[in-house]
Amino acid sequence: MLTDQELLRYSRQILLQYVDIDGQLRLKNARALIVGLGGLGAPVALYLAAAGVGELHLADFDTVDLTNLQRQIIHDTDSVGQTKVDSAVRRLTAINPDISLIPHRRALDADSLAAAVAAVDVVLDCSDNFATREAVNAACVAGAKPLISGAAIRLEGQLSVFDPRRADSPCYHCLYGHGSDTELTCSEAGVVGPLVGLVGSLQALEALKLLAGFGEPLVGRLLLIDALTTRFRELRVKRDPGCSVCGTPHG
Ligand SMILES: [Zn+2]
């Protein structure tokens, strides 16, 4: 059941036939893991909290630095020196005190990552490095949980959804398994704030669609955003039958 206050708070999305009261109830009962509370995780956490996703699991082992504030809009000047998780909890609680926030302040190893993934319905990879992305993907494939993956660096953004519950869906490793020779993070290569805001907002949107159950998710498609020219492109991505993460062991 939704309370009168909840009906009011979420009224503008309940108005949509795609969401309605049933969709809002699904959001209320949903749990999402957000890996990384930086430039991508900031809009993801803000929008999912505001939309009433009932349980947000927040994972980040870092503390807020002054250089983060240009793009990580969940944190503010008073947050500098605090853990990103504590800073995010303060802001998210101010936006929506009705949801539950589950903090993970330490780096997740293979076991704790598997447990964190098992405890939720959807995972949002908002991390900034290849090793974490690969580990999160492997945990999502093993746990059969949908993964919403976003990335942004300099003036380029990427977004895709990997859903191991679907036989036709590739996983992150199918697409990026060979690694990237430009293995740089935003702190090394630079990035503009609105671009990570855009990619993170799209990740939040894909999560709401998956959790409330409407629309067509970005599965099997890679969205490429060129912020310099404001151009969006889409590539088909196929599952790799020989993938060492999601492929059949016998190849
Ligand atoms: Zn794969």
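Before any of the text, the structure's been laid out above.
Residues numbered from 1 in each chain as written. Predicted model: local features only at pLDDT ≥ 70, side-chain atom pairs only at ≥ 80, totals over all residues. Heavy atoms only, no water.

1. A word on the packing of aromatic side chains
Phase 1 of the analysis: A full pass over the atoms with the stated rule returns four aromatic pairs.
Phase 2 of the analysis: A ring pair is formed by Tyr18 and Phe214, whose centres lie 6.2 Å apart and whose planes are at 35°; its orientation type is tilted. Of this pair, Tyr18 sits in the loop between α2 (11–14) and α3 (20–28) while Phe214 sits in the loop between α10 (193–212) and β7 (221–226); the two residues are 196 residues apart in sequence, bridging distant segments of the chain.
Phase 3 of the analysis: Note on Tyr18: relative accessible area 51%, which makes it exposed. (Phe/Tyr/Trp six-rings, centres within 6.5 Å; stacked < 30°, edge-to-face > 60°. Helix = DSSP H or I, 4+ residues; strand = E, 2+ residues; numbered from the N terminus. Buried < 20%, exposed > 50% of the residue type's maximum accessible area, 1.4 Å probe, protein only.)

2. Focus: the environment of Ala107
Phase 1 of the analysis: For Ala107, the location among the structural elements is in the loop between β3 (100–104) and α6 (110–118).
Phase 2 of the analysis: In the structure, Ala107 is positioned 46 residues away from Phe61 in sequence and 5.3 Å away in space, judged by C-alpha atoms.
Phase 3 of the analysis: Not counting the four nearest positions on each side in its chain, Ala107 is found in contact with Phe61 and Ser112. (Contact = heavy atoms within 4.5 Å.)

3. Things to note about the sheet that holds β3
Phase 1 of the analysis: Spatial strand order, β3-β2-β1-β4-β5-β6-β7-β8: eight strands in an open sheet with mixed pairing. Each having just a single partner strand, β3 and β8 (231–236) make up the two edges of the open sheet. Strand-to-strand twist across the sheet, computed as the mean angle between neighbouring axes with direction ignored, equals 15°.
Phase 2 of the analysis: Pairing of strand β5 (residues 147–153) with strand β6 (residues 156–162) involves seven bridges; the strand directions are antiparallel. Within β6, the position partnered with Ser149 by the bridge is Ser160. (Pairing = 2+ DSSP bridges. Axes fitted to C-alpha atoms, helices over the stretch in contact; angles between N-to-C directions.)

4. Considerations on the pairing of strand β4 (residues 122–125)
Taken residue by residue, a regular strand's side chains alternate between the two faces of the sheet.
Phase 1 of the analysis: Residue alternation in β4 divides its side chains into two sets, Val122 and Leu124 and Val123 and Asp125, and both sets are buried.
Phase 2 of the analysis: Once the chain exits β4 it traverses helix α7 (residues 130–143) before rejoining the sheet at β5, and the crossover so formed is right-handed. (Right-handed = clockwise from strand over helix to strand, strands pointing away.)

5. Remarks on unusual backbone geometry
Phase 1 of the analysis: The phi torsion at Ala144 lies on the positive side, around 55°, for a residue other than glycine.
Phase 2 of the analysis: For Ala144, the location among the structural elements is in the loop between α7 and β5.
Phase 3 of the analysis: Non-glycine residue Thr230 carries a positive phi angle of around 55°.
Phase 4 of the analysis: Along the polypeptide, Thr230 turns up in the loop between β7 and β8.
Phase 5 of the analysis: Residue Thr230 is classed as exposed on the basis of its relative accessible area, which comes to 62%.

6. Side note on the state of the cysteines
Phase 1 of the analysis: Scanning the model with the defined rule gives zero disulfides in all.
Phase 2 of the analysis: No disulfide involves Cys126; its sulfur sits 12 Å from that of Cys140, the nearest cysteine.
Phase 3 of the analysis: The class for Cys126 is buried, based on a relative accessible area of 6%. (Disulfide = S-S within 2.5 Å.)

7. Notes on the coordination of the zinc ion
Phase 1 of the analysis: Every protein donor of the zinc ion is accounted for by Cys171 (SG), Cys174 (SG), Cys243 (SG) and Cys246 (SG), and the metal-donor separations fall at 2.3 Å.
Phase 2 of the analysis: Coordination geometry of the zinc ion: the four donor atoms subtend angles of 94 to 119° at the metal centre, consistent with an arrangement described as tetrahedral.
Phase 3 of the analysis: Taken in sequence order, the residues that donate to the zinc ion follow the motif C-x2-C-x68-C-x2-C. With Cys171 in the loop between β6 and α8 (172–176) and Cys246 in the segment after β8, the pair connects residues that are 75 residues apart, well separated along the chain. (Donors = N, O, S within 2.8 Å, 3.2 Å for Na, K, Ca; no water. Tetrahedral: all angles 85-135°; square planar, octahedral: opposite > 155°, others 65-115°.)

8. Description of the packing of helix α4 (residues 41–51) against α10
When two helices pack together, their arrangement is given by the angle between the helix axes and the distance between those axes.
Phase 1 of the analysis: The N-to-C vectors of α4 and α10 enclose an angle of 40°; their axes lie 8 Å apart at closest approach. As α4 runs across α10, the sense of the crossing is right-handed. Judged by residue contacts, Pro43, Val44, Tyr47, Leu48 and Ala51 of α4 engage Val196, Gly197, Gly200, Ser201, Gln203, Ala204, Ala207 and Leu208 from α10.
Phase 2 of the analysis: Its residues assigned to classes, the contact of α4 with α10 comprises nine nonpolar, four polar and no charged. (Left-handed = near helix turned anticlockwise from the far one by under 90°. Nonpolar A, V, L, I, M, F, W, Y, C, P; charged D, E, K, R; others polar.)

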